[in-house]
2 protein chains.
Amino acid sequence: MNLADLIAVAAGRAPADLLLTDARVVNTLNGRVESGNIAVAGGLIAGVGDYRDAHQVIDLEGMYLAPGLIDGHIHIESSMLHPVEYARAVVPRGVLGVVTDLHEVANVGGLEGMRLMIKWCQGLPCDFFFMLPSCVPASHLETSGATLTSAELRKARRWKNVVGLGEVMNYPGVVNSDRGVLDKVGLFRDDVVDGHAPGLRGESLNAYMAAGPRSDHESTKLDEAKEKLSKGMYVMIREGSSEKNLAELLPLVDDGTYKRCFFVVDDRSCVDLLKDGDVDAVVRHAINWGLDPVRAIQMATLNTAEYFRLHRLGAVAPGYAANLIAISDLDSMKVDMVFYQGRLVARRGEMVVDLPKLRTKGLDSTIRIKPFSEDTMALRTGKPEFPVIELVPGQIVTRKKTEKVHIRDGVVLPDIERDLLKLVVVERHRATGNIGVALVKGFGLKRGALASSVAHDSHNVIAVGCRDEDILTAVNEVQRLRGGLVVCEGGAVIASMPLPIAGLLSDKRLQAAVEEFRKVEQAAAGLGTRLPAPFATLSFLALAVVPELKLTDLGLVDVVQFRLLGPEDLE
Amino acid sequence: MNLADLIAVAAGRAPADLLLTDARVVNTLNGRVESGNIAVAGGLIAGVGDYRDAHQVIDLEGMYLAPGLIDGHIHIESSMLHPVEYARAVVPRGVLGVVTDLHEVANVGGLEGMRLMIKWCQGLPCDFFFMLPSCVPASHLETSGATLTSAELRKARRWKNVVGLGEVMNYPGVVNSDRGVLDKVGLFRDDVVDGHAPGLRGESLNAYMAAGPRSDHESTKLDEAKEKLSKGMYVMIREGSSEKNLAELLPLVDDGTYKRCFFVVDDRSCVDLLKDGDVDAVVRHAINWGLDPVRAIQMATLNTAEYFRLHRLGAVAPGYAANLIAISDLDSMKVDMVFYQGRLVARRGEMVVDLPKLRTKGLDSTIRIKPFSEDTMALRTGKPEFPVIELVPGQIVTRKKTEKVHIRDGVVLPDIERDLLKLVVVERHRATGNIGVALVKGFGLKRGALASSVAHDSHNVIAVGCRDEDILTAVNEVQRLRGGLVVCEGGAVIASMPLPIAGLLSDKRLQAAVEEFRKVEQAAAGLGTRLPAPFATLSFLALAVVPELKLTDLGLVDVVQFRLLGPEDLE
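No experiment lies behind these values; they were computed from the predicted model shown.

Section: the overall build of chain A
So, step 1. Secondary structure assignment for chain A yields 17 helices and 30 strands.
So, step 2. Taking 2.2 N^0.38 as the reference for a compact globule, 571 residues should give roughly 25 Å; the C-alpha atoms of chain A span a radius of gyration of 25 Å, in line with that estimate.
So, step 3. Expressed as lengths along the three principal axes of its C-alpha atoms, the size of chain A is roughly 90 × 50 × 45 Å.
So, step 4. The burial tally for chain A puts 64% of its 571 residues in the buried class.
So, step 5. By element, 47% of the accessible surface of chain A is carried by carbon and sulfur atoms, the whole surface being about 19,800 Å².
So, step 6. The average position of the 65 basic charges and that of the 74 acidic charges among the side chains of chain A differ by 2 Å.

Focus: the environment of Leu510 of chain A
All names here are of chain A.
So, step 1. When you line up the elements, Leu510 lands in helix 15 (residues 510-526).
So, step 2. For Leu510, a relative accessible area of 7% corresponds to the buried category.
So, step 3. Filtering out sequence-adjacent residues up to four positions away, Leu510 remains in contact with Leu81, Glu85, Arg88, Ala89 and Leu274.

Focus on the environment of Ser328 of chain B
Residues and elements named next belong to chain B.
So, step 1. With respect to the helices and strands, Ser328 occurs in strand 14 (residues 324-329).
So, step 2. A C-alpha to C-alpha distance of 23 Å links Ser328 and Ala54, two positions 274 residues apart in sequence.
So, step 3. The contact partners of Ser328, leaving out residues within four places of it in the chain, are Met63, Lys334 and Asp336.

Considerations on the nonpolar core
So, step 1. In this structure, Phe263 and Leu450 of chain B are the most contacted members of the largest nonpolar core, which totals 180 residues.
So, step 2. Per-element tally for this core: the top contributor is helix 3 (residues 103-121) of chain B, with ten residues.
So, step 3. Ile74, Leu246, Cys466 and Val520 of chain A belong to the second largest nonpolar core, which has 179 residues in total.

Here we look at the interface of chain B and chain A
So, step 1. Facing the 53 residues of chain B at the interface are 53 residues of chain A.
So, step 2. Between chain B and chain A, roughly 4,400 Å² of surface is buried when both sides are summed, and carbon and sulfur atoms account for 48% of that area.
So, step 3. Arg260 of chain B serves as the salt-bridge partner of Glu306 of chain A, at 2.8 Å between the closest nitrogen and oxygen.
So, step 4. On inspection of chain B and its partner chain A, the count reaches 22 residue pairs in polar contact (both at pLDDT 80 or more).
So, step 5. Elements supplying a minimum of two residues to the side of chain B that touches chain A: helix 1 (3-10), strand 2 (32-41), strand 3 (44-49), helix 5 (171-175), helix 7 (202-210), helix 8 (222-230) and helix 13 (302-308) of chain B.
So, step 6. By residue number, the principal contributor to the side of chain B that touches chain A is helix 1 of chain B, which donates six residues.
So, step 7. Here the side of chain B that touches chain A is composed, by residue class, of 25 nonpolar, 13 polar and 15 charged.

Let's talk about the pairing of strand 29 (residues 555-558) of chain B
Residues and elements named next belong to chain B.
So, step 1. Pairing of strand 28 (residues 549-552) with strand 29, which is carried by four bridges, proceeds in the antiparallel orientation. In the sheet register, Thr552 faces strand 29, and the bridge partner there is Gly555.
So, step 2. Looking at chain direction, strand 29 and strand 30 (residues 563-564) are connected through two bridges and run antiparallel. Bridging across to strand 30, Val557 finds its partner in Leu564.
So, step 3. Once strand 29 ends, the chain turns through four residues before running back antiparallel as strand 30, passing Phe562 with a positive phi of about 50°.

Brief notes about helix 15 of chain A
Residues and elements named next belong to chain A.
So, step 1. Over its 17 residues, helix 15 extends 24 Å from the first C-alpha to the last, a length consistent with the 24 Å expected when each residue adds 1.5 Å.
So, step 2. Buried-residue contacts for helix 15 involve helix 2 (83-90), helix 10 (270-275), strand 24 (449-452), strand 26 (484-489), strand 27 (492-498) and helix 16 (534-539).
So, step 3. Count one or two residues on from helix 15 and you reach Gly528, which has phi positive near 110°.

Quick look at the confidence of the model for chain A
So, step 1. Averaged over chain A, the pLDDT score is 96; the fraction of residues at 70 or greater is 100%.
So, step 2. Per the prediction output, this complex has pTM 0.95; the corresponding ipTM is 0.94.

Some details on the pattern of salt bridges
So, step 1. All chains considered together, the criterion is met by 70 salt bridges over all chains.
So, step 2. The closest approach of N and O atoms between Glu306 of chain B and Lys259 of chain B, which form a salt bridge, is 3.2 Å. Within this pair, whereas Glu306 of chain B is found in helix 13, its partner Lys259 of chain B is found in the loop between helix 9 (246-249) and strand 13 (261-264), the two being separated by 47 residues in sequence.
So, step 3. The partly exposed category is assigned to Glu306 of chain B, whose relative accessible area is 22%.
So, step 4. Judged by its relative accessible area of 10%, Lys259 of chain B is buried.
So, step 5. Between Glu568 of chain B and Arg563 of chain B there is a salt bridge; the shortest N-O distance is 4.0 Å.
So, step 6. On the accessibility criterion, Glu568 of chain B (56% relative accessible area) is exposed.
So, step 7. Overall, Arg563 of chain B belongs to the partly exposed group, its relative accessible area being 29%.
So, step 8. Here the salt bridges do not stand alone but share partners, grouping Glu218, Arg238, Glu243 and Asp266 of chain A into one network.

Some thoughts on the relation of the copies chain B and chain A
So, step 1. Placing chain B over chain A gives an RMSD of 0.1 Å and needs a rotation angle of 180°, together with 0.0 Å of translation along the axis. The superposition operator between the copies reduces to a two-fold rotation axis. Scanning chain B for the C-alpha nearest the rotation axis identifies Asp255 of chain B, at a separation of 2.9 Å.
So, step 2. Mapped onto chain A, 100% of the interface residues of chain B are again interface residues, and the two copies thus contact each other with one and the same surface.

Examining the sheet that holds strand 9 (residues 162-168) of chain A
Residue and element names in this part refer to chain A.
So, step 1. Spatially, 6-7-8-9-10 is the arrangement adopted by the five strands of the open sheet, whose pairing is parallel. Looking at strand neighbours, the two that pair on one side only are strand 6 (69-74) and strand 10 (192-195), the edges of this open sheet. Recorded for the sheet is a direction-independent mean angle of 25° between the axes of neighbouring strands.
So, step 2. Across four bridges, the pairing between strand 6 and strand 7 (residues 95-101) is parallel. Pairing of Leu69 across the sheet is with Val95, part of strand 7.

Observations regarding the environment of His140 of chain A
All names here are of chain A.
So, step 1. For His140, the position within the fold is in the loop between strand 8 (127-132) and helix 4 (150-156).
So, step 2. Distance in space between the C-alpha atoms of His140 and Asp292 is 47 Å, their sequence separation being 152 residues.
So, step 3. Setting aside residues no more than four positions away along its own chain, His140 makes contact with Leu554 and Phe562.

Regarding the packing of aromatic side chains
For any pair of aromatic rings, the description rests on two quantities: the centre-to-centre distance and the angle between the ring planes.
So, step 1. Evaluated as defined, the whole model comprises twelve aromatic pairs over all chains.
So, step 2. Pairing Phe262 of chain B with Phe308 of chain B gives two aromatic rings, centres 6.0 Å apart and planes at 65°, and the pair type is edge-to-face. With Phe262 of chain B in strand 13 and Phe308 of chain B in helix 13, this residue pair connects regions lying 46 residues apart in the sequence.
So, step 3. Accessibility expressed as a relative area gives 0% for Phe262 of chain B, which makes it buried.
So, step 4. Feature note: the residues Tyr234, Phe262, Tyr307 and Phe308 of chain A constitute an aromatic cluster, connected by ring pairs.
So, step 5. The cationic tip of Arg157 of chain A hangs over the ring face of Phe188 of chain A; the distance from NZ or CZ to the ring centre is 6.0 Å.

Side note on unusual backbone geometry
In terms of backbone geometry, most residues other than glycine have negative phi values and most peptide bonds are trans.
So, step 1. Cis geometry is found at the peptide bond from Pro547 of chain A to Glu548 of chain A, where omega equals -5°.
So, step 2. When you line up the elements, Glu548 of chain A lands in the loop between helix 16 and strand 28 (549-552).
So, step 3. The residue after Val136 of chain B, namely Pro137 of chain B, is reached through a cis peptide bond having omega 0°.
So, step 4. Positive phi is not limited to glycine here, since Arg348 of chain B has a value of about 45°.
So, step 5. When you line up the elements, Arg348 of chain B lands in the loop between strand 16 (343-347) and strand 17 (350-351).
So, step 6. Relative accessible area serves as the criterion here: at 61%, Arg348 of chain B is assigned to the exposed category.
So, step 7. In this structure, His459 of chain B is a non-glycine residue whose phi angle is positive, near 55°.
So, step 8. Position of His459 of chain B relative to the elements: it lies in the loop between strand 24 (449-452) and strand 25 (461-465).

Regarding the side chain of Ser139 of chain B
All names here are of chain B.
So, step 1. Among the secondary structure elements, Ser139 is positioned in the loop between strand 8 (127-132) and helix 4 (150-156).
So, step 2. Accessibility expressed as a relative area gives 6% for Ser139, which makes it buried.
So, step 3. Within the structure, the side chain of Ser139 is placed 3.1 Å from the backbone nitrogen of Leu141, a separation counted as a polar contact.

Considering the sheet that holds strand 27 of chain A
All names here are of chain A.
So, step 1. Pairing is mixed in the open sheet, where eight strands are placed in the order 19-18-23-22-25-24-26-27. For this open sheet the edge positions go to strand 19 (398-404) and strand 27, each flanked by a neighbour on one side alone. Between one strand and the next, the sheet's axes are offset by a mean angle of 25°, whatever the strand orientation.
So, step 2. Across seven bridges, strand 18 (residues 385-391) lies against strand 19 in antiparallel orientation. By the bridge assignment for strand 19, Val388 is matched with Lys401.
So, step 3. On the sheet, helix 14 (residues 468-480) packs against strand 22 (420-426), strand 24, strand 25 (461-465), strand 26 and strand 27 and is oriented at approximately 150° with respect to strand 26.
So, step 4. In this fold helix 15 packs onto strand 24, strand 26 and strand 27, with an angle of close to 145° to the strand it touches most, strand 27.

Criteria and thresholds
- Within every chain, residues take consecutive numbers counted from 1 along the sequence as written.
- As they are written, the chains are lettered A onward and the ligands numbered 1 onward, keeping that order.
- Totals for whole chains, interfaces and linings use every residue, but because this is a predicted model, local features are given only for residues with pLDDT of at least 70 and side-chain atom pairs only at 80 or more, for both listing and counting.
- With hydrogens and water excluded, all non-hydrogen atoms of the structure serve as input to the side-chain values.
- A helix here means a DSSP run of H or I that spans at least four residues, while a strand means a run of E at least two residues long, and both kinds are numbered starting from the N terminus.
- Restricting the calculation to C-alpha atoms gives the radius of gyration, and the globule rule supplies 2.2 Å times the number of residues raised to the power 0.38.
- Here the term buried applies to any residue with accessible area under 20% of the maximum for its type, exposed to any over 50%, and partly exposed to those in between, with areas from a 1.4 Å probe on protein chains only.
- Here, Shrake-Rupley sampling with a 1.4 Å probe gives the accessible areas, and only protein chains in the shown set may cover a residue.
- Counted charges follow a simple rule, with Lys and Arg positive, Asp and Glu negative, and His plus the chain ends left uncounted.
- The atoms used to mark charge sites are NZ of Lys, CZ of Arg, CG of Asp and CD of Glu.
- We call two residues in contact when some of their heavy atoms are within 4.5 Å.
- Residues belong to one nonpolar core when they are buried, are Ala, Val, Leu, Ile, Met, Phe, Trp, Tyr or Cys, and are joined through side-chain atoms within 4.5 Å.
- Buried area, as used here, totals the accessible surface that two parts lose on assembly, with accessibility defined by a 1.4 Å probe and the loss added over both.
- Note on definitions: salt bridges are taken to be side-chain nitrogens of Lys or Arg within 4 Å of carboxyl oxygens of Asp or Glu.
- Between N or O atoms, a polar contact is any pair within 3.5 Å; within protein, one atom must be a potential hydrogen donor and the other a potential acceptor, and residues adjacent in sequence are included only when both atoms are from side chains.
- By the convention adopted, Pro, Cys, Tyr, Trp, Phe, Met, Ile, Leu, Val and Ala count as nonpolar, Lys, Arg, Asp and Glu as charged, and the other residues, Gly among them, as polar.
- At least two bridges found by DSSP between two strands is the condition for calling them paired.
- One less than the residue count of a helix, multiplied by 1.5 Å, gives the span that helix is expected to have.
- Known as pLDDT, the predictor's confidence for each residue is given on a scale from 0 to 100.
- Here the copies were fitted onto each other by least squares, based on C-alpha atoms from residues at pLDDT of at least 70 in both.
- Orientation is described by axes fitted as lines to C-alpha atoms, over the contacting stretch for helices, and by angles from 0 to 180 degrees between their N-to-C directions.
- Planes of paired rings set the category: under 30 degrees apart is stacked, over 60 is edge-to-face and the rest tilted, where pairs are Phe, Tyr or Trp rings (Trp by its six-membered ring) whose centres lie within 6.5 Å.
- Placement of a charge over a ring requires the Lys NZ or Arg CZ to be within 6 Å of the ring centre, with the centre-to-atom vector within 35 degrees of the ring normal.

Dropping the structure here:
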């Protein structure tokens, strides 16, 4: 856009590209609702005023007009959707800005994988911004697909739409001045650095913040959030598929603090995106729970833009991007029309423009498993007791238990009655043949097996089952599909959702992906588990940075001691 | 500062460099006053908490501790002080951040002059930030010392502590898509661009803002400021030596708007700096007039820092600069101790550290006047009437009047009874010999003459007087002093203030400069003028961008028509 042309439209000397008339403008800058016509030119807002002359006029008939919503922290991989389909899910809901940390793809595909994903996000009717993953791999106790070095981060820092360093999860490393993590954080000294510091308080929080992070999305208690805000963190109030902090944290928001709070979802499944929404759902819930709608919109637009230094987003004002949403009912956040860069892209919940084809090349063949047999899954011991990973309902932490187990010929057997199932993690990046095997309690399968190539953070293939044969079949099917979620029973595949992109994302359209996901979850439930989200639960059992006991391709990890259990612990 | 060392102090593993105990911390982040000890290391704040261990401990005995104040818009040249002495005036008052636009020095010394000034600002116990002058020269109707081109701005944009483009005064040029000014503004598309748009409203304001400026310090009416804020401008509430907008604009500040308002002084004389203060005075006045002291401090610290994207200033929190002020009484903003980068630099109104010597080299010989005689000042006409510049009390605008004049031998004579005095502007940058001569009404001198090398914006030498002899003597003395303010009577110099740095700044210490300035003002008053600030008034009579009639070295300028008056108008 030529600046002179934009000015000519703003000054009323030239017709606007688009004129939105009879709008009630949600002014995020002063917190008021104002009336006016909005002149748009070259994808930008020329001004709000008494404009009349335009190539196209849309009468908003008194609807509210707000800036496009921005989700300040979302891992789009959690939706298992291709970015194109992610946009299809969220754009009609008014989400026109997404700040994402491609942590999962980076663990599989490294810098090149991220580059591809960033490319696929271009040309969509939604602005994607990227925070560079700070902790790839998550630990040295597993085999990941890639390592992101400081040198690579330095390179990627200059990429278009890269806005900072993603959540610095290794907060103990920061507090203890670990050199590797400080090197990375130091690179982003003048940039936005996202924090991730669950429960961190007092002097440890000071130490973490002195290093640079100025936001946090992990507060689960009001006092914790208050302390973080008082020390200079923007508090990202998170309401995701599993982590729900809105009700607890909403009382944080008052006249003196609201500018330093904004909404994020962190992780949302494709099912939730379709049914409930993205950050629009958080806005809606916040309004339901009593937050002033204008303030709720400020907290999903301007505040987020200010934190991320996106100086042209978040307001309906001259020179800002014409990313606009027309809202027919403010209290229920019912989004009617969605404009991206001044172009109507969605209406009444549906896209009205075509989206590009789904590209997958470069990330469509990442599963490399060395062939293995049921024998390899044998769990040998000389003792009558064995360590067991015990699930904690609704959480991603586990307990480390020791249970008496059935042993036959020196081999530990699953015990379905006592819900002691076999858990297996198969290395899948470079066909090393690494296989970790353990017992898990609390999964509740009565028969069959589940396998998945989504297993945080290294995304090896993880499987749980009652019988080795079903586990083997399921893992082999994941390999055949080049990634996916698989349910087996009686030696046969009974349901599956292919995730051929990095083993993480579907190559299907939104509706089809949601349908497939529902079916595998139903099939899993049919095997007896009562977990509300069995594949999500499974995916966190390899996450060796969350206590207490986890399983990676290298074996059982005592997360509290941060070490692999050895023969001395097991035999 | 090594990041690991800072973290170690924050985490309580290592002693702080400095510990401030028993403080009531003014938390600008949440608007509350909180208690705690402040640990400082490497010039940064490690944290606020229960810290005990330090190399140096200062007990604040319950005093308030706030971030150093920041003046968001000040032309330090208006003080006529060298930057070192400017710091000496403001640092003990708690001003530790200064955003300045070296517009005056740039008009005399161009890019190189700015570079020198910026150098002299280094090493002082105060952060100086620079906005690059956008309009040098101010007009083509005068001879300036320099022109700042787009290419030069592009170069200077990368200099350390340069944070954006200074007030875009040519707002008609922007609104009318003038290519020269848009070229400059376009260079700073992703940076901070200050506005300057007195009275601009409606679609013209939209047009101006679409180009980029996101602040304004020229609002004189509440409604005007409200509109500017609602369209995305940060409103700089100005309270300077002459322009006083605080009382009018304070009602703008409420829970929904205060984050987008901050305090500036724009121009303050050395006398006012010493007597009343810098932005600390604005804070004090705002509190007197009912603003909550914590909010007033937020508006002179964090808000300013946020607008200018100074992410380490404006809060007492981990990782922020340890620029701190201890306040013994909050309501009267009585500043006791001042810490810059963690070091006590001032106490009870006095610096406690040495400041560097005043450097002047490179800007100490800028006055070049071609010798001239009284004859050159003859004002010839064939008509009985002549155009006259009429002062408007308290304002920098003038009226264009036509008066009957005394004429002898075709030469117009001053008329002291009717207060029609001779006004002369002598080009002084390149000894061209250009001299503009006119009549001014309202100055009130009964005898003698005043001359000054401060004459906005080109800073040629301007003089007013009752007799040509005194005018000539005064201009010659300005030349001899290499710049300055001079008062003559009876053909002799009776008072003077040398301003040998660019013809704009004194090379004296703060107190001496103030004393000299008081004396020349008293001497001017002794010649009969009743103007409260005769040299300030004189300095604006050459400003050819403020209506209606002004005088430059090229002659009389009709500012409304934006042209020089020619023989057809005068003879």
